[in-house]
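A closer look at the structure
Now for the letters of each chain:
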Amino acid sequence: MSTLVADVAVVGAGPAGVAAALAAADLGAQVVLVDAGQAVGGQIYRQPATAAAAGVTAVGPKMPRRLDRVVGHPRIKHLPGTVVWQAVSRAGGAGGVEFRLWLTSASGRTEAGRSEAEHVVARAVVVASGASEVVLPFPGWELPGVTTVGAAQALLKGQGVVAGRRVLVAGSGPLLLPAAAGLAEAGVEVVAVLEANPVTLGTVARGARLAGFTKKVGEAAGYARILGQKRVPVRAGYAVTECSGDGQVERAVVSRVDRDWRVVPGSGRSLAVDAVHVSFGFSPALELPRLLGCAELAQPGRPSAKVWCDADQATSQAGVFAAGETTGVAGAEVAELEGYLGGVSAVRYLRKTRPEVSLFNMDGEGLRAGSGEQDGQEVRAVQRVRAALVRARRFADGLDALYPWRDGWLEWARPETILCRCEEVAWGAIEAAVADGARDVRAVKGVTRCGMGYCQGRVCGPALQQAVAAATRQGLSGVGDLGSRPVMAPVSLGTIAGSA
Amino acid sequence: MRAERVRFTFDGRPLTAEPGQTVGAALLAAGVRSWRRTRAGGRPRGLFCGIGACFDCLVDVNDDRAVRACLVPVRDGDQVRTSESVGVDR
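Residues numbered from 1 in each chain as written. Chains lettered and ligands numbered in written order. Predicted model: local features only at pLDDT ≥ 70, side-chain atom pairs only at ≥ 80, totals over all residues. Heavy atoms only, no water.

1. Description of the interface of chain B and chain A
- Contacts between chain B and chain A engage 41 residues on the former and 42 residues on the latter.
- Across the chain B to chain A interface the summed buried area is about 3,300 Å²; carbon plus sulfur atoms make up 53%.
- At the junction of chain B and chain A, the tally comes to three salt bridges.
- Between A:Glu424 and B:Arg43 there is a salt bridge, with the nearest N and O atoms lying 2.8 Å from each other.
- The tally of links from chain B across to chain A stands at 18 residue pairs in polar contact (both at pLDDT 80 or more).
- For the side of chain B that touches chain A, the elements supplying multiple residues, two or more each, are helix H1 (23-29), strand E4 (44-45), strand E5 (58-61) and strand E6 (64-68) of chain B.
- Tallying contributions element by element places E6(B) first for the side of chain B that touches chain A, with four residues. (Contact = heavy atoms within 4.5 Å. Buried area = accessible area lost by both parts, 1.4 Å probe. Salt bridge = Lys/Arg side-chain N within 4 Å of Asp/Glu carboxyl O. Polar contact = N/O pair within 3.5 Å; in protein donor to acceptor, adjacent residues only side chain to side chain. Helix = DSSP H or I, 4+ residues; strand = E, 2+ residues; numbered from the N terminus.)

This is the structure in structure tokens:
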């Protein structure tokens, strides 16, 4: 059993994790960067894994060149295809804390070419594990051919493959437009882009222009140009409210929805499609911060909490820092900037808590009490990051406000509509559990098995919260959430036995 | 130069994939939409989240049962089978 020892363990290699790893390593720390993907970049900057994917016309933000340095950095050990399945902390002497992270293959396949290391032991952790895509249930959403928008993106950008030739892109949020533009550019017939909220490309562009975010105006204009050229209609106030087909999706019902996402009676229209890509935004991935005991903040009107952290990205747990979507979904720019801060803060924490201990394999400059000039450079760099972060967060908050989460979708479901895809728990069972007295999602889970399956409530959790909140006439905060349990990823009993 | 295609089978049927492709992408590219039946309703499932979070795309590959098709790269000679084993005693 092999153990990697590092100063800082960074979990997640999207923009936040890569930036955190670079900042900490540039300051002299030995960094282990654990990531489920085969290449760095995360979901937003997904890198092509095949020749066909490399030939796909890129639509949407590309990984900034400044992040490329993470590959081959002398102080960063990147573990691709790897996930953390368990994490504990313990006092490491002299006021410090030692973290132990258990690793396994991301795919679940044995000998999948990943690093053989089974643990990382580190004295600081940066959680940069991103967010989960939210999809709300509707009749037929479990049919093959109905996928998340993220899946369509991952297939196209990572694999050079499309899930259908005649598709709808639906849901809510800023991801719909670049995803649809990418598919259209790849030759897919995108029948329409359906945004449930009353938000058009024009709304986004106007808002960005007013706030002075010219780069974002250009991005939105680029998507509009592609969608216009390919004659893809973009409709605000519409949703896919039902899918049907024999063994796979063959038809989708497109309905007009009101401001609360309730179907306008009589507005439904059935269209022939071979794939439907749906997304209602993202919720922070809280499994790892929960295992580490990090405090959370509720997000009003949103189904998921976010990790609480201070202005230095420090969480409530000494030695644990968080950056990117786990601290609130705000996009790649905010994530990268938080990553730099988190990486610097992790190193400053190590300097402060363990000044007498030289960092593992430390080869230099940064972490030793630096010269006055170096300290000044570091302070100025941090000031620049903070200033950029204020600006980037302003745009992200403005964008977020355009895409509220409504509960009219509850009326799309029928008693037989599946809510929990893993355990095949139907909507009617949830209503029955509430009628029998269940008042929160944990109670409903206990009665129905909703959220108890393989995905551990990652998919149905947000919908279940909103469903129980509505059925019990409480606010989202009153019904709790599914929580998460130790063992963050499926592992064999042999792996657990071998880890003792 | 064109890279050799990877050869694999799905439920005994010979298929090929691009080097680097995942099992899920290779099956979709070959027109296969579904490779699992649910254990309660026996309903077909395929790729849903595409990034390893939802576990809908579970598939059996060689001796590994119930791995996520969206994450596992296909290798030459892989025997991929419809997964009916999830949660079922054998």
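Next comes the rest of the account.
2. Side note on the side chain of A:Arg75
- One can find A:Arg75 in the loop between helix H2 (51-54) and strand E3 (76-79).
- A distance of 2.8 Å separates a polar atom in the side chain of A:Arg75 from the backbone oxygen of A:Ala25.

3. Notes on the nonpolar core
All names here are of chain A.
- In terms of nonpolar packing, the biggest core is built from 66 residues, with Val8, Val31, Val120 and Leu292 touching the most fellow members.
- Examining the composition of this core, we find that 10 residues originate from one element, helix H8 (residues 332-353), more than from any other.
- The residues contacting Val31, other than those within four sequence positions of it, are Ala6, Val8, Val10, Ala21, Ala24, Ala25, Arg75, Ile76 and Lys77.
- Residues Trp141, Val425, Cys450 and Leu476 belong to the second largest nonpolar core, which totals 61 residues. (Core = buried A, V, L, I, M, F, W, Y, C linked by side-chain atoms within 4.5 Å. Buried < 20%, exposed > 50% of the residue type's maximum accessible area, 1.4 Å probe, protein only.)

4. Brief notes about helix H5 (residues 201-210) of chain A
Residue and element names in this part refer to chain A.
- All of the buried residues along H5 are Leu201, Val204, Ala205 and Ala208. One side of H5 holds all its buried residues, which, seen down the axis, span an arc of 95°. Exposed residues lying more than 90 degrees from the buried face of H5 are Arg206 and Leu210. (Arc of directions from axis to C-beta.)

5. Let's talk about the packing of helix H3 (residues 149-159) of chain A against helix H4 (residues 176-185) of chain A
Residues and elements named next belong to chain A.
- Contact geometry for H3 and H4: axes closest at 10 Å, N-to-C directions at 40°. With respect to their mutual orientation, H3 and H4 come out oblique. The way H3 lies across H4 gives a crossing that is left-handed. Two secondary-structure elements touch here, H3 through Val149, Ala152, Gln153 and Leu156 and H4 through Leu176, Pro178, Ala179, Gly182 and Leu183.
- The class makeup of the residues in the contact of H3 with H4 is seven nonpolar, two polar and no charged. (Axes fitted to C-alpha atoms, helices over the stretch in contact; angles between N-to-C directions. Parallel < 35°, antiparallel > 145°, perpendicular 65-115°, else oblique. Left-handed = near helix turned anticlockwise from the far one by under 90°. Nonpolar A, V, L, I, M, F, W, Y, C, P; charged D, E, K, R; others polar.)

6. Quick look at the confidence of the model for chain B
- Across chain B, the average pLDDT comes to 89, with 89% of residues at 70 or higher.
- Our summary of model confidence lists the complex with pTM equal to 0.93 and ipTM equal to 0.94. (pLDDT = per-residue confidence, 0-100.)

7. A closer look at the pattern of salt bridges
Residue and element names in this part refer to chain A.
- For the structure shown, the criterion picks out 26 salt bridges over all chains.
- With its nearest N and O atoms 3.1 Å apart, the salt bridge here joins Glu333 to Lys216. Of this pair, Glu333 sits in helix H8 while Lys216 sits in helix H6 (residues 214-229), placing them 117 residues apart in sequence.
- A single salt-bridge network, built from bridges that share partners, covers Lys215, Lys216, Glu219 and Glu333.

8. Topic: the environment of A:Ser279
Residue and element names in this part refer to chain A.
- With respect to the helices and strands, the residue Ser279 is situated in strand E15 (residues 275-279).
- Sequence separation between Ser279 and Ser107 is 172 residues; the distance between their C-alpha atoms is 23 Å.
- Apart from the residues lying within four places of it in its own chain, the contact partners of Ser279 are Glu133, Val134, Val149, Ala170, Gly171, Ser172, Leu175 and Leu176.
- From its side chain, Ser279 meets the backbone nitrogen of Gly281 in a polar contact 3.4 Å long.

9. So, unusual backbone geometry
- Residue A:Gln313 is not a glycine yet carries a positive backbone phi of 70°.
- Checked against the element boundaries, A:Gln313 lands in the loop between strand E18 (306-307) and strand E19 (320-322).
- A relative accessible area of 1% means that A:Gln313 is categorised as buried.
- Backbone geometry places B:Asp11, a non-glycine residue, at a positive phi of 50°.
- Turning to its location among the elements, B:Asp11 is positioned in the loop between strand E1 (6-10) and strand E2 (13-17).

10. Things to note about the sheet that holds strand E14 (residues 269-272) of chain A
Residue and element names in this part refer to chain A.
- Taken together, three strands build an open sheet; the order of strands is E12-E13-E14 and the sheet is antiparallel. Two strands bound the open sheet, and with one partner strand each, they are strand E12 (238-244) and E14. Strand-to-strand twist in this sheet, taken as the mean axis angle between neighbours without regard to direction, amounts to 30°.
- Looking at chain direction, E12 and strand E13 (residues 251-256) are connected through six bridges and run antiparallel. Within the sheet, the bridge partner assigned to Tyr238 lies in E13 and is Arg256. (Pairing = 2+ DSSP bridges.)

11. A closer look at the environment of A:Gln38
Residue and element names in this part refer to chain A.
- The residue Gln38 is located in the loop between strand E2 (31-34) and H2 in this model.
- Each C-alpha atom of the pair Gln38 and Ile430 lies 38 Å from the other, and the pair is 392 residues apart in sequence.
- Beyond its immediate chain neighbours, meaning those up to four positions away, Gln38 contacts His78, Pro80 and Gly81.

12. What to know about the packing of H4(A) against H6(A)
Residue and element names in this part refer to chain A.
- Following both chains from N to C, one finds H4 and H6 inclined at 40°, their axes separated by 9 Å at the closest point. As summarised for this structure, H4 and H6 are arranged oblique, according to the angle between their axes. Between H4 and H6 the crossing geometry is left-handed. Contacts between H4 and H6 pair Leu177, Pro178, Ala180, Ala181 and Glu185 from the former with Tyr223, Ile226 and Leu227 from the latter.
- Across the contact of H4 with H6, the residue classes break down as seven nonpolar, no polar and one charged.

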